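Architecture and fold: a report
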Amino acid sequence: MGNLKHLLSPGAWIIFGIATLLLNFGAHYQPEFVEHWYSRGLFQLIRLGFSGSLGWLPFPAFYLFWIGVIVFWILIYRRVPKLPGFWPKLRFWLFRLAGFAGLVVGSFFWLWGFNYARVPFKTQLHLQLQALDSTTLWRDLETETYLLDSLRTSLVGNDTAALSDERFWPPATEITVRAAVEKWLVQEKFPVHGAVRGRLLLPAGLLFKFGASGIYWPFVGEGNVESGLHPLRKMPAMAHEMSHGYGFCDEGVCNFIAYAACAVHPNAYIAYCARLSYWSMLVRACRRNDPVRYKHEFRPTIPLGILGDDQAIHRQQAKYSELAPSLRYEVYDNYLKAQGIESGMGNYDEMLLLVQAWKRARVAPVL
């Protein structure tokens, strides 16, 4: 019992956290080792463990995690020894805070974070990323606009009213989206052990407060999606978070997997949602590239239905405010860079490079 108590002490957690950080630092120099033994080895066992336990809960395990954190600190508070003076009490709490941080950091990497050091996605798929020139950007935007319009017409004909409800959602939406992601990953020879959950979080606006439309929570092994998202955005976000759950940390990669898995889905609504998400990125890129051309030449040609859907998405998100957006951006930007993603927050837009490289490599005009 004494040895167990020693292992569960804050000092042991601090050592665990520091040792894990050092191991993670070294892991980035051995991506093949990480890929074989962790990403395709230990992590797959972890995935099976989550799928066979917390994955069966009828509610997001995200809530259970925070309940556990609260209970943890209540138990510590109840066991605070009587200490004389301010400084002994301060040392007591700082030591336990440091121990808790070590436990969280260490658990984060062992449960998921070592995937940051795996063999790069583009290397595994033999993709050659190239800077996008103006011609390529605008040509792809025109192509995607045409494909979007065709999909929308197949759904609602000439109706240009915004698709602002979920009447087109497939039955068992989560299962359908997960099946699409798993099918694509298996096709590309990636393991998909265990079913990653993609759950909607309540109350609406919770994740928007932190500038996120979704989050993969590695401590419970599930993807969580902001319930306040517009219906047209929920399935791409779900596919994105599930991609994280299957071992991909790079934001641009998860955007790409969501697109590749769903853009050619036989369900036209799923395909439309995936392509609309990509189309929005293309619009932003082309608007930055040539604002005048976008405003006077391209925007007037956007089909009214697509334009209405895009505006409805922005109106929906505008209902929710964000806490300290500048601080959130800086924190997450530096976090991504610390994990070896040099582009930081710009990594989200690297989906554009991946899609173009995929098209060149696979010669797949339907994508």
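Structure report, in brief. Just so we're clear, the structure is a prediction, and the values are computed from it rather than from any experiment. (Residues numbered from 1 in each chain as written. Predicted model: local features only at pLDDT ≥ 70, side-chain atom pairs only at ≥ 80, totals over all residues. Heavy atoms only, no water.)

Here we take up the overall build of the protein. Within the protein one finds 15 helices and 3 strands. In the protein, the proportion of contacts linking residues at least 24 apart, taken out of those at least 6 apart, comes to 75%. Just so you have it, the protein exposes about 18,700 Å², and 65% of that area is on carbon and sulfur atoms. (Helix = DSSP H or I, 4+ residues; strand = E, 2+ residues; numbered from the N terminus. Contact = heavy atoms within 4.5 Å. Areas by Shrake-Rupley, 256 points an atom, 1.4 Å probe, with all protein chains shown as cover.)

One open sheet holds the 3 strands; their spatial order is β1-β3-β2, and the pairing between them is mixed. The open sheet has two free edges, formed respectively by β1 (197-201) and β2 (214-217), since each of these has just one partner strand. Adjacent strand axes in the sheet meet at a mean angle of 25° when their direction is disregarded. (Pairing = 2+ DSSP bridges. Axes fitted to C-alpha atoms, helices over the stretch in contact; angles between N-to-C directions.)

Time to look at unusual backbone geometry. Of the consecutive residues Leu 202 and Pro 203, the connecting peptide bond is found in the cis state with omega at 0°. By secondary structure assignment, the location of Pro 203 is in the loop between β1 and β2. You will see that Ala 172, though not glycine, has its phi angle at about 50°, which is positive. Following the sequence through the fold, Ala 172 ends up in the loop between α7 (134-156) and α8 (173-187). The exposure class of Ala 172 is partly exposed, given its relative accessible area of 47%. (Buried < 20%, exposed > 50% of the residue type's maximum accessible area, 1.4 Å probe, protein only.)

Attention shifts here to the packing of helix α10 (residues 251-262) against helix α15 (residues 351-362). In the contact formed by α10 and α15, the axes pass within 8 Å of each other and the chain directions differ by 50°. One way to sum up the angle between α10 and α15 is to call them oblique. Here α10 runs over α15; the crossing is right-handed. Together, Gly 252, Val 253, Asn 255, Phe 256 and Tyr 259 of α10 and Met 351, Leu 354, Val 355 and Trp 358 of α15 make up the contact between the two elements. The residue inventory of the contact of α10 with α15, partitioned by class, reads 7 nonpolar, 2 polar and no charged. (Parallel < 35°, antiparallel > 145°, perpendicular 65-115°, else oblique. Left-handed = near helix turned anticlockwise from the far one by under 90°. Nonpolar A, V, L, I, M, F, W, Y, C, P; charged D, E, K, R; others polar.)

Let us now look at the pairing of β2. Sheet topology note: the β2/strand β3 (residues 222-226) ladder contains 4 bridges and is antiparallel. Note that in β3 the partner of Tyr 216 across the bridge is Gly 223. As consecutive antiparallel partners, β2 and β3 are separated by 4 residues, and within that stretch Gly 221 has a phi angle of approximately 70°, a positive value.

Among the surface-exposed residues, Leu 23, Leu 42, Leu 45, Leu 48 and Trp 110 lie close enough to one another that they form a single nonpolar patch of about 450 Å² accessible area. Looking at which element gives the most residues to the nonpolar patch, the answer is helix α3 (residues 31-51), with 3 residues. Residue position: Leu 23 is located in helix α2 (residues 10-27). Assessed through its relative accessible area of 44%, Leu 23 is described here as partly exposed. (Patch = residues over 30% accessible without salt bridge, like charges linked within 9 Å, V, L, I, M, F, W, Y side chains within 5 Å. Salt bridge = Lys/Arg side-chain N within 4 Å of Asp/Glu carboxyl O.)

Right, let's talk about α2 for a bit. With 18 residues, α2 ought to run about 26 Å at 1.5 Å a step, and its terminal C-alpha atoms sit 25 Å apart, in line with that. Taken together, the buried positions of α2 are Pro 10, Trp 13, Gly 17, Thr 20, Asn 24 and Ala 27. Angular distribution of buried residues about the axis of α2 spans 105°; they occupy a single face of the element. Exposed and oriented more than 90 degrees from the buried face of α2 are Ile 15, Leu 22 and Phe 25. (Expected span 1.5 Å × (residues − 1). Arc of directions from axis to C-beta.)

Another aspect to go through is the packing of aromatic side chains. Across all of its chains, the model carries 37 aromatic pairs by this definition. Measuring from ring centre to ring centre gives 5.6 Å for Phe 25 and Tyr 29, while their planes differ by 65°; the resulting arrangement is edge-to-face. For Phe 25, a relative accessible area of 55% corresponds to the exposed category. Owing to a relative accessible area of 59%, Tyr 29 belongs among the exposed residues under this scheme. Centroid distance Tyr 38 to Phe 114: 5.5 Å. Interplanar angle 80°. Geometry classified as edge-to-face. One end of the pair, Tyr 38, is in helix α3; the other, Phe 114, is in the loop between α5 (86-111) and α6 (121-124), with 76 residues separating them in the sequence. Of the residues examined, Tyr 38 reaches a relative accessible area of 6% and is grouped as buried. By relative accessible area, Phe 114 is classed as buried at 6%. Members of the aromatic cluster, joined through ring pairs, are Tyr 38, Phe 43, Phe 108, Phe 109, Trp 110, Trp 112, Phe 114, Tyr 116 and Tyr 216. (Phe/Tyr/Trp six-rings, centres within 6.5 Å; stacked < 30°, edge-to-face > 60°.)

By themselves, these are just geometric observations and shouldn't be taken as functional.
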